[in-house]
Amino acid sequence: MTTTAPAGVLAALLPPHVHCAEAFGAPAEARLLPLEAAYIHDRSPRRRRQFATARMLARQALGALGHPPVPLLPGPGGAPRWPAGVTGSITHTDGYTACAVAGTGDLASLGIDAEPARPLPRGVLQLVGSEAERSGLAVLPGGCVPWDTVLFSAKEATYKAVHPLTGTWAPLAAISVTVHADGTFTARHPHHPAVRTGSWVVHRGTVVTALALPPYRAAAA
């Protein structure tokens, strides 16, 4: 069963002018627009439900910006093609789906990511994390936070935020992230080298991360 909420978890990680929607539980049998249904018709039932739930939430978030329902088809990098003047990001993992959107006058771009709150599979941290990043995780407080997964998710959120601006691919290992125990992280992308600060939280068995990039006029100030 899917339960939708006004994205209190995600909204707490992002600036107030970002509109969010999120759902907990298994993906819903949400309605798709005809172009979306045609795009996803040959995928697995699970993938179609994920896709449909994400579009349902995206339309909720876009509605808060005053946009009518429109087809949200993936672009070259897999992210949705948002309406003109909108930047946004979608994420889904087992038991959680979310969307965040904002006007490009408020943000240049944003990225969100969600991962199960458990340690990464063996060997993944060595592939995506530098020695300095792994050393930084080792000194964070012990407890129930899977710090390696927070690092991985923060890198994913950073990639999602930067890719729409550059259109270029970068491996997660090339994105430098420092996770802080206060619920923030700092990130530097090789194609967008200014250091930016994002946020993270662990909620209901899910790691959620978010990074918002200011408009160019603010970034240049």
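What comes next concerns the included structure. (Residues numbered from 1 in each chain as written. Predicted model: local features only at pLDDT ≥ 70, side-chain atom pairs only at ≥ 80, totals over all residues. Heavy atoms only, no water.)

**Observations regarding the nonpolar core**
Among the nonpolar cores identified, the biggest contains 23 residues, and Leu 137, Val 177, Val 179 and Phe 185 are the most heavily contacted of them. When contributions to this core are tallied by element, the ones reaching two or more residues are α4 (124-128), α6 (147-166), β6 (176-179), β7 (184-189) and β9 (206-213). In terms of residue count, α6 provides more of this core than any other element does, eight residues in total. Beyond its immediate stretch of four places on either side in the chain, Leu 137 contacts Leu 125, Trp 147, Asp 148, Leu 151 and Val 179. (Core = buried A, V, L, I, M, F, W, Y, C linked by side-chain atoms within 4.5 Å. Buried < 20%, exposed > 50% of the residue type's maximum accessible area, 1.4 Å probe, protein only. Helix = DSSP H or I, 4+ residues; strand = E, 2+ residues; numbered from the N terminus. Contact = heavy atoms within 4.5 Å.)

**Here's the deal with the packing of aromatic side chains**
One pass over the full model with this rule turns up three aromatic pairs. Note on Phe 24 and Tyr 96: the rings are 5.2 Å apart at their centroids and 55 degrees apart in plane angle, and the pair reads as tilted. With a gap of 72 residues between them, Phe 24 in strand β2 (residues 19-24) and Tyr 96 in strand β4 (residues 96-103) connect regions that are remote in the sequence. Taken together, a centroid distance of 5.8 Å and an interplanar angle of 25 degrees make the contact between Tyr 39 and Phe 51 stacked. Of this pair, Tyr 39 sits in helix α2 (residues 34-40) while Phe 51 sits in helix α3 (residues 45-64), and the two are 12 residues apart along the sequence. Lying over the aromatic face of Phe 51, Arg 55 brings its terminal NZ or CZ to 3.8 Å of the ring centre. If you follow Arg 204 out to its NZ or CZ, it ends over the ring of Phe 24, 4.1 Å from the centre. (Phe/Tyr/Trp six-rings, centres within 6.5 Å; stacked < 30°, edge-to-face > 60°. Lys NZ or Arg CZ within 6 Å of the ring centre and 35° of its normal.)

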